[in-house]
Amino acid sequence: MKRILSILKEKWPEYILEILVITIGILGAFALNNWNENAKNRSLVEDYYCRFLADIKQDEIQLNILLEESELRLTKSNELLRELLLDSPEKEKSIQLMLQATSKISYEFTPISAGYSDLKSSGNLNTFTDQTIVDQVGTYLQEAEGLANNISTNGRIGLDEMFEIDDFYAIGFIDNTFMKEGLDTTIVQQELLDRNPLTPLQLKELKHVASLLIAVNYRNNLHYGSILNKIKDLNPLLENKCTLSQN
């Protein structure tokens, strides 16, 4: 026992130093592991910010194209009503304008949610210490999907109303581009086609369609604009986060 105590007395500085080295090594390993894990989480979060930004950028491109087409439909809807209000509206022109007023009206907008959907399904949501922007992206997607459904419904209403016309033949549908190109004059005698002026009842029906098309196209313009404004608000926040991650 005395020998052991003597050895400890002589070598305790060495033992203390060894214990300190081991302790520091263990603590350092834990610190390095935590640092690596935090760095990995930061990189993951920054990657999601850039993915969110890429998604809404694609939405913005798609929406600008759809809005431009919708604005053209609204213009053609107004031109159709103007033509129908003339004393002697032209059948061929009226039908052509009606087709232009409904062109691509059934095209649907679907907001891109690749980044957000991956975040939800992967279980990585807890890696965000500040979930404010994540919540804003989620709110944007929810509101955009709701407005997209309204746009789709409006488009179907306009298209359905056009196809509810009682007599496409009599109102001059035979003179539209599709019919002219598809008409086989070796089978159908053109001189027998209906060239009579629009009747008051036909005019009333077409005016109704034109008025409805003005309403649904204008309404859809507002919806497209509303979604674009939401992107405008979200865009600088994501750009800032994504830019910081790339520096």
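Just above, that's the structure.
Basis of the calculations
Counting restarts for each chain, with residues numbered from 1 along the sequence as it is written. Note on the predicted model: pLDDT of at least 70 is required for a residue's local features to be given, and 80 or more for side-chain atom pairs to be given and counted; whole-chain, interface and lining totals, by contrast, use all residues. Where side-chain values are given, they derive from all heavy atoms of the structure, hydrogens and water being excluded. Helix and strand definitions follow DSSP, with helices as H or I runs of at least four residues and strands as E runs of at least two, each counted in order from the N terminus. Burial classes: relative accessible area under 20% of the type maximum marks a residue as buried, over 50% as exposed, and values in between as partly exposed (1.4 Å probe, protein chains only). The contact rule is simple, with two residues in contact once any of their heavy atoms fall within 4.5 Å. Salt bridges are counted wherever a side-chain nitrogen of Lys or Arg sits within 4 Å of a carboxyl oxygen of Asp or Glu. By definition here, a helix of n residues has an expected span of 1.5 Å times n minus one.

Undergrad: What is the right way to read the environment of Leu203 from this model?
TA: By secondary structure assignment, the location of Leu203 is in helix H6 (residues 200-246). Judged by its relative accessible area of 15%, Leu203 is buried. If sequence neighbours within four positions are ignored, Leu203 has contacts with Leu84, Pro89 and Leu198.

Undergrad: Which parts of the structure should I look at to understand the pattern of salt bridges?
TA: Side chains carrying opposite charge are able to pair once their charged atoms draw close together. Enumeration according to the criterion identifies six salt bridges in this entry. Here Arg51 and Asp118 are joined by a salt bridge, their closest N and O atoms 3.2 Å apart. A residue pair is termed long-range when its members are at least 10 positions apart, and Arg51 in helix H1 (residues 2-84) and Asp118 in helix H3 (residues 114-122) qualify at 67 residues. Given a relative accessible area of 29%, Arg51 falls into the partly exposed group. What makes Asp118 partly exposed here is its relative accessible area of 27%.

Undergrad: Got a minute to help me understand helix H2 (residues 91-102) in this structure?
TA: Side chains that are three or four residues apart share a direction in an α-helix, a result of its 3.6 residues per turn. Look at H2: 17 Å from first C-alpha to last across twelve residues, which is about the 16 Å you get at 1.5 Å a residue. The set of residues buried in H2 consists of Lys91, Ser94, Ile95, Leu97, Met98, Leu99, Ala101 and Thr102. Once H2 ends, the next one or two residues include Lys104, with phi positive near 60°.

Coordinates in, geometry out; function isn't part of it.
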